[in-house]
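In case you want the letters, here they are:
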Amino acid sequence: MLSGTPATATMLWLWFLVSLVCWLPGFQAQEACLETPWQQAVSGTVETVTVSLAAFDDLQSHIDAATGPTVFIVKAAAAAADGLVASRPVNISQPGITIAASAEFAESKSPAASGRLPVQCGTAGSLLHIRASGVRILGLNISGCSESAVQLGDGASALIRSCSFSSNANYGSNSGGGAVAASRSQLWLDKCTFTGNKAAGPGGALAAVDSQLLVTSCSLSSNSASFVGGAIAVEGRAYAALAAAAPACWKDTDAVFSAVQMQDNHAKLFGGALAANSSRVMLQEVSAAGNNARYGGVVHAAQAARVTMRRRSSARNNTAESSGGVVYAAGPGVHVLLQGSVFTDNHAKILGGVVSAKDGAVAWLDSSKFTGNKANLAAGVLYGKESDLVADSCVFSNNTASRDGGVLYCAGHCNWNIRSSIFLRNKCHGNGGALFGWHIDAAISSSSFDSNRATSLGGALAVANSTMDLHSSKVSMNRVTGVDAAGGGVYCQGSKVDISDSMLVGNAASWGGSVYITNSTLTATAGSITNSSTSGSGAGLYVLRSNATITNMSFSFNEAQQYGGTLYCHAGSCSMTGCAVAYDSALLGAGCIWAGHGSLSLRSSHLLGCLATTEGGGAVQAVSLSSISVEGCSFIGCSALKGPGGSLQLVNIPAAYVRGSLFARNQALTGGVLSVVNSSLSISGGSLLNSTATVGGGIAAAGGSSITLYHSTAVSGNAAAVGGGLAIDNTTLTIDGPVSVSWNKALQPATSPVSSDTSAAGSDSAAVKAGAVHIAAIASAADFGGRAVLRGIAGGIYASSSTVLARQLYLDHNTADRVSGGGYFDLCATRLSNGSISKNTAGEEAGGLKLVNPAQGSAITSYDVTNNWAGVRAGGLGIMGVDTVSEIALVDVQLVNNTAAGEAAGGLLLSGPLGLLVTGGELSGNAAGTATAAVDYSESGLVSASVDGSSSAAAAGGLKPAGGAMLLDGCSWVALRGVDVWGNAAAAGCGGGVAVSSCGKVLIDGCILEGNVAASGGGACLTGIPGYVAFHNSSVSSNRVMLGRGLAGLGSVLSPTTEPHLNCGIPGTGGGLCIDSQGQVLINGSSISRNQARNGGAMALGVCDDSSRCHLGLVGAVFSNNTVVQGGGGAMYFTSIVAPDQVLCGEDYMTSEVAGSAAGAEYPALATLLASATFNTNIIPSAAVSSTSADFTAAGATTGNSSPNGSSGEDDMLVSTPGSATTEGFNPEDGAPASSSGTTTLVPGSPMASETVTFNTAMGGPSATTVTFGTQPAAEAGIGQASTRKTATTAAASKKMRTHAAAAPQAPAKKHEESGLRGSGVSAAVLPTAATTGSSEPLFGAAAGPDGMTTTSVSFNQASTTAEMTDGTTQSTEGDTMTATTVLLDPSSSTSGPMAEASHPATTDGHVAAIESFNLLAGANTTFMPGNTANLAGSASDTAVFEGYHLSDSGATGATGDPYTIASAQGSTQQHQQQHQQQAPAATAQQVAYQRAS
C-alpha cells in the first residue's frame, strides 16, 4: 500500500494530471476521439440488401454470400410477424456487415423504438457471434437468449445502436454478460437499453474482457449478476493490438460510459451496476440509482482498477449491504475518482454510505456533492482502511453514520488530504460528526465544518493515534451531545494535531467545547476559537495528559459550565504565546485557563474580561503544576466573583514565575489579581493595577506559600477590605526591588453601630469621633487564613503568620479606612531594608505600617517612613505585642512628616512586651494630636470629641503620653542609639519627640532631640518606667511645650498656677524632658539646652521613693539656656522628693547595688538581636524560591528554622549578597566608614562600645543586600563618645520655633543635618575629657571628674516674665530674674539635718534662685554656674513648691536652732503663700533645709 508515503501523493497528482489531459479536453473533441475506432472507412463499395426472413438465422446465408461491405435491411416475413426467432447463432466473420431493422437505422437516424425488429434467441442460446471489424447492429430488440446474446471476439469491432436487450441470461459457469460479451474486441453501445438481463458470472447485462468499450446514451436497469457487476463487468486492459491502434484518448482508458443510466441493478457480491477489475473505466454524466450489492452498490473496483465518475454524474439511493453504497474499492493500485458529481441518499448497511476504499486503494473526491448518505455503522460517505484519500472542493451535507464518522471514517493507516471542502450538518451517533480517523495522516485545509453532530467524541473531527493538520479552515457550530461527550469541534487521542490559521466558532461539548485532546500533541497557530461552550470544562480547548503549544491564537466569548472557558490543561504541558483572550468565562472556576498536574507557560498573551462565576481564577486557575510561567502578558478586567484570584489562582505549585506582565482592573473575593496557596511565586517587572477583592486587592497568598517580587514590580491602585495591595498568611514574602506598592486601598463597608466583637485582627485600633459625627468601627469581617479579619485594614500589604524579607520596597500613597495604610504584619518575621513607606493614610491607626506580634529579630533598615497619616494614632509605624515577647530593630530609619491626627504617635507607636532597638536614622516633622476638636482620653482608650472643646485633659486624668515622633507603651525595653529626633509635635499630649510609657527600661544614647513641641515633655516624655531611664551622650535642645490656647479647649488648664502636684500629665511641664520613673534615671554626658516650658524648662523629673531601686545619676551633663514661662525650674523641676541616698555620686555610682539593679537591663547589640531571629512562623515549600528568582537567602525561614547545611544562628537570618568581598562601616549621621569587630552588650556603668552597620549594595542581577554588624570599643571610638552618633550638639537659638496644634507640621523629609535648625554659630556641648578631669576611665561613656565623677554644668537657665502664645498673644507673670550665688553641696553630709547652704543677693521680692536644681544635684559635687535663675509666681519672699516637697526659709533669729520642717504640700498655692508670710524670713542669708515628706 502507498498510504503515508511521499510517493503516494506524487502518484495521485500524476494520475489526476493524466486524467485532465486525457479526459478533460473540449467535449466535442473528446467525443469524436472516442468514436474514432468505429468510424474507420471500410474499403470497397457498400451494398444495401433488403432481406425478408422467416427466422433470424436465415440471415446467415445472406451474410455468407456477401462479397463486400453490405447493409442488410432485415424484414420479418409474414409468417414471423411477431418477430424473428433464431434456432442457431448468426456468425459474422466478414468486415463491414451491417444488420438494420430499417433504412432509417442504417442511415444513422433515430427512428422510434417501435421501429425496432424483435428477435428472440429461441433454441439458439446466442444470437450473434461477431469475429470481424466494422460490424454494425442497428434497431434490434433482442431477448430470450440463454447465453450472451451478442458475443464479440478475436479482435472484432462492432457498433450496437438503438438496440434493446431484455431478459437474456447467461447461466454458464463463470460466464458473464447476459446480453453482450466482448473479449479482445472494440464495442460501442449507443442508445441501447438493457433490462432484466442476468448472468451467473460478471456483468448481468454486459461483460467486456481485455476490450475497449464505449457505452453512450444507454440505459441499464434491473440487470443482475450472481457474482460481480449487476449490469456491467469490465475486466483487464485492452488487448495490445487494439491499444496500439487506438487514438490517444483511449491510451489510458478501457471503458467509457457517457450519459448512461444505471438503475436498480443488482450483484450479490460486488458492484451492483458496474464491476471493474484491472481496468481503466470512466463514467461521465452517468446516473446510477437504486443499484445494490453487498460491496459497492454501484461500482466495484479491484486489482489496480481505476474508475472515474465525473462530469455531472450522479448516484442516488444506491445500497451496499455491507460497504460502499456507491463505490467499493479494494486493493493496491485501485484508484477511484469522483469528480463533479452528486451523491445523494446512498446507503451502506455497515461502512461507507458512498465509498469504501481499503487495502491500498486510493479515493479522490473532487468538486462533488455528497448529501443524505448514510452508513449504519460508520462513514456516512467514505470508509477507508489502509487507503489514501483526496477530497477537494467537495460539499458533504446531512450525511449520517450510526456510530462513527458522519462523513469520513478511517479504520487505520490512511493518508488523507482534504481541501476546500464543506462539511455541513453531518452527524453520527458515535465519534466524529464529519470525520473519524484511526491511525490516520490527515491534512485538512481551506475547508469548513459547520453544524456537524456526534454523540460521543468530536462533533466535527475525531482522530486517534493519528497525525492531523487543520489549516485555514473553519470549524463552527458543531456539537457532541452525549452526557460525557468531548470535543465539540475536534477530538484527538494519542495523536499529533496541528491547527493553523483556522477559526473554531460556536462549538459545544460536555468537555472541550471546540477541541479536546488526550495523550496527544497539539500545535495551534494563528487562528481563533470563539463562542464555544461546554457543560463541563474547557470550552475552547481541553488538554488531557498532552502537550499543547498555542501561538498567536485568539479566544473570545467561550463559556464553560465548570472550569476553563479558554483552556483546560490537565496533567499536560501547555503553552500560549502571542494569544489574545477576551471575555471567556466559566461558571465554576478558571474563567479562561485551568491547568493542573503538569506545566503552563503564557508568553506575550493578553487576557481580557475573563470571568469565573463561583470559584477562583478569573483568568487562570493553576493546581499542582510542576511550574507555571507568565511572561509579557496582560490580564485586564478579569473576575472571580465568589472565589480567589481575579487573574491567577495558584494552588500547590512549587515554581511559578511572572515576568514583565500587566494586571489591571481585575477582581475576586480574595486576591484581586493573584491568589497563591502553598505555592512559590516570583514576579519580576510586573504591574498589578486597579484590581479589587475582599482580601488582597492585588495578591492574596496563604498555606505555606513563598512570593518573590523584584525588578521594578508595581502593585498600585488596588482595593480590598483587607490588604488593598497584598494579603498573605503563612507565607514568605521576599522583595528585591525596586518594588512599588502604591495607591492601594483597604475599605470598610458602610458605617454601622460599633460591635462588641473584638476577637478579629485589628480590634486594637480605636474608633474615631470627629466633631458631632460618630464614625464607628465596623465589626463585619473578612475571612482569611482561617480567621476573621476586620475590614478596612492594610491598604498596601496585610501579612499574618508570615515572613517578610524586603529590600527596596516602596510603600506609598496607600489608604486604609481603619488601620495600616501601608501595611499590617501580624505574627510575622520581618526584615525591610533600603526602601520607603510614604504618603500612606489610615482612618484610625498606623498610617504607614503596623507590626503586630513581630517575630524575634525583625528589623527595618535604611528606610524612609515619610508623610504618612493616621486618623487616631501611629501616623508612620505601629508595633504591637499582644501574644508575643520579642525584640526588634529599626536601623537608619527616617521617620519624617508623619501625622497621627486624633491621638498619639505621629511617627511610631510601639505597645506591648517588646524590645525595640533603634539605631541611627531620623524622626522629624511628625505630629500627633492635630485634630481641631478637643481630645479626651478616657479609660476605654477611645477618642471622644466635642465641638465646643469642653472636654479637657484634666477632666480625664491629665495628658497621656502622645509622642509626636514615637510613643512606646508597655514595652520590655527600648534603646535609641544615634537617632535624630527633631521638629516633631504632640499637640494634645506628652512627648513632642519621644513618649515612653510603662516600658521596662529605656536607653537614649547618642541621640538628638531638637525643636520638638508638645503639651508636656516637649522633647521626650518618659513615664512609669520600672527599670531605668538612661540618657547617654545625647542632646536635648530647642524643644518646648505648648502654651496658651494652642490646644483648642485645654486653655483653662494651662492658665498660670502654682499647683504643687505637677507631673507629665499636666500641660506645660518639661520643655526638654518630662520623666516619671519607677527605677533609675541616669543622665550622662548629655546636653540639655534652649528648651522652654511653664515648669521645668529643661526637664521635669519624678522618681519613686524606693531607695533600693530608684536612683538618680547625673554625670557630665550640660543644662543651658532653658526657659520656663509662668512657672518654675528653668533647668529642672522635681515632681517628687529625691532623698540623698537616691542620688548616685562618688563611689556609690559604681557600687554593686547599682550594677545589680541595672544588670537586668542589658541591651543586645544589633547583630546579636538580628542573629536571634526566630523566623519560624510559617511553612515554606522546599522549592519556594528558585535559583533564577531568589532575591534573599533566608535559611532560617525554611521549615523548622534549619539552614541549608543544617545549622542555625546568625548567618541564617542575615541578608547576603554573593560576590561581595568588602564591607563598609555605616555611621547613622554621616555614613563615614568604620571598622567592625566583635559584638558588645551595653551594661550601665561599664565602658561603651560603638557599633557599625555595613550595607553591601553591589548588584549582579537579582541578589540581596548584605547586612553585617560589628562593634567598636569606646577607647577606639574616642573619649567621651560611646555610640555610633557624633558628639551631640546644641541647637541654634537665633530664631524662635512655633508649632501649631491644629495642623500637622509640613517640614520637608530631609536629613536633620540639612535642616535650618543647625545653622552657623551653633556650638557643641562641652563634655569634660580625661585631660580636664584627671581620670582615664570613662563612666558610662562620659569623661570622669574629680573622685571619679564627671561635672554637670547648669547655666543660663531662666524664667521669662512674658510667654509667647501660639495664637500670637503674650501673657505676663510676676517675678524677677535672679542670679544665684554658687551653691556647694556636701556629699558627705547626713541625710538628716541641713545639707548645704544656698545664698543669693538680697532682693525686695526675695525669690529663691536655682532652687529647682537643688535635690537633683545634692551630693553630686555639682557646681551651680552663674546665671541659673527661677521665676515663681507669687508675692515677695515666695516659697518654692515641688511635688511632694515644701521648701521654706529658716528663721532670721534662729530661735529654735532648727530648720523649719518641710510640710507635705497638699494644699493650695494660697495656703503655701500664707504659711510663708507668717514665718516672715529675714531678707538676708537664709538657711535652707528639707525633710522627706511623710
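Okay, so let's go over this structure. (Residues numbered from 1 in each chain as written. Predicted model: local features only at pLDDT ≥ 70, side-chain atom pairs only at ≥ 80, totals over all residues. Heavy atoms only, no water.)

1. Some points on the pattern of salt bridges
- Per the counting criterion, the structure on display carries 17 salt bridges.
- Between Arg787 and Asp826 there is a salt bridge, and its shortest N-O distance comes to 3.0 Å. On the criterion of sequence distance, the pair formed by Arg787 in strand β100 (residues 787–790) and Asp826 in strand β104 (residues 823–826) is long-range, its members being 39 residues apart.
- Given a relative accessible area of 5%, Asp826 falls into the buried group.
- Several salt bridges share partner residues, and in doing so they unite Arg161, Asp190 and Lys191 into one network. (Salt bridge = Lys/Arg side-chain N within 4 Å of Asp/Glu carboxyl O. Helix = DSSP H or I, 4+ residues; strand = E, 2+ residues; numbered from the N terminus. Buried < 20%, exposed > 50% of the residue type's maximum accessible area, 1.4 Å probe, protein only.)

2. Section: the state of the cysteines
- Applying the stated criterion across every chain, the model contains seven disulfides.
- Here Cys971 connects covalently by a disulfide to Cys999, the sulfurs 2.1 Å from one another. Taking the sign of the S-S torsion, 115° for the link of Cys971 and Cys999, the bridge is right-handed. Taken together, the residues Cys971 in the loop between β119 (966–969) and β120 (973–977) and Cys999 in the loop between β123 (994–997) and β124 (1002–1005) connect sequence positions 28 residues apart.
- Each sulfur in the disulfide pair Cys1064 and Cys1074 lies 2.0 Å from the other. Residues Cys1064 and Cys1074 share a disulfide whose torsion about the S-S bond is about -110°; that sign makes it left-handed. Taken together, the positions of Cys1064 in the loop between β130 (1040–1041) and β131 (1073–1077) and Cys1074 in strand β131 put the pair 10 residues apart, joining distant regions of the chain.
- Of the residues examined, Cys1074 reaches a relative accessible area of 0% and is grouped as buried.
- With no disulfide partner, Cys218 has as its closest neighbouring cysteine sulfur the one in Cys192, 4.6 Å distant. (Disulfide = S-S within 2.5 Å.)

3. Some thoughts on the packing of aromatic side chains
- As enumerated under the stated definition, the model contains 20 aromatic pairs in all.
- Ring geometry for Tyr383 against Tyr409: centres 5.7 Å apart, planes inclined by 15°, an arrangement best described as stacked. Taken together, the residues span a long stretch of sequence, with Tyr383 in strand β42 (residues 382–385) and Tyr409 in strand β46 (residues 408–410) at a distance of 26 residues.
- Take Tyr409: its relative accessible area is 11%, and that puts it in the buried class.
- Just above the ring of Trp188 sits the side chain of Arg161; from NZ or CZ to the centre is 5.1 Å. (Phe/Tyr/Trp six-rings, centres within 6.5 Å; stacked < 30°, edge-to-face > 60°. Lys NZ or Arg CZ within 6 Å of the ring centre and 35° of its normal.)

4. As for the pairing of strand β62 (residues 515–518)
- Here β62 shows two buried faces, one formed by Val515 and Ile517 and the other by Tyr516 and Thr518.
- Looking at chain direction, strand β58 (residues 490–493) and β62 are connected through four bridges and run parallel. Paired with Cys492 across the strands is Ile517, a residue of β62.
- The sheet contact formed by β62 and strand β66 (residues 541–544) spans four bridges and is parallel. (Pairing = 2+ DSSP bridges.)

5. Brief notes about a nonpolar patch on the surface
- The grouping of Phe557, Tyr583 and Leu608 at the surface amounts to a nonpolar patch, some 290 Å² of accessible area in total.
- Relative to the helices and strands, Leu608 resides in strand β76 (residues 606–608).
- When its relative accessible area of 31% is taken as the criterion, Leu608 is described as partly exposed. (Patch = residues over 30% accessible without salt bridge, like charges linked within 9 Å, V, L, I, M, F, W, Y side chains within 5 Å. Areas by Shrake-Rupley, 256 points an atom, 1.4 Å probe, with all protein chains shown as cover.)

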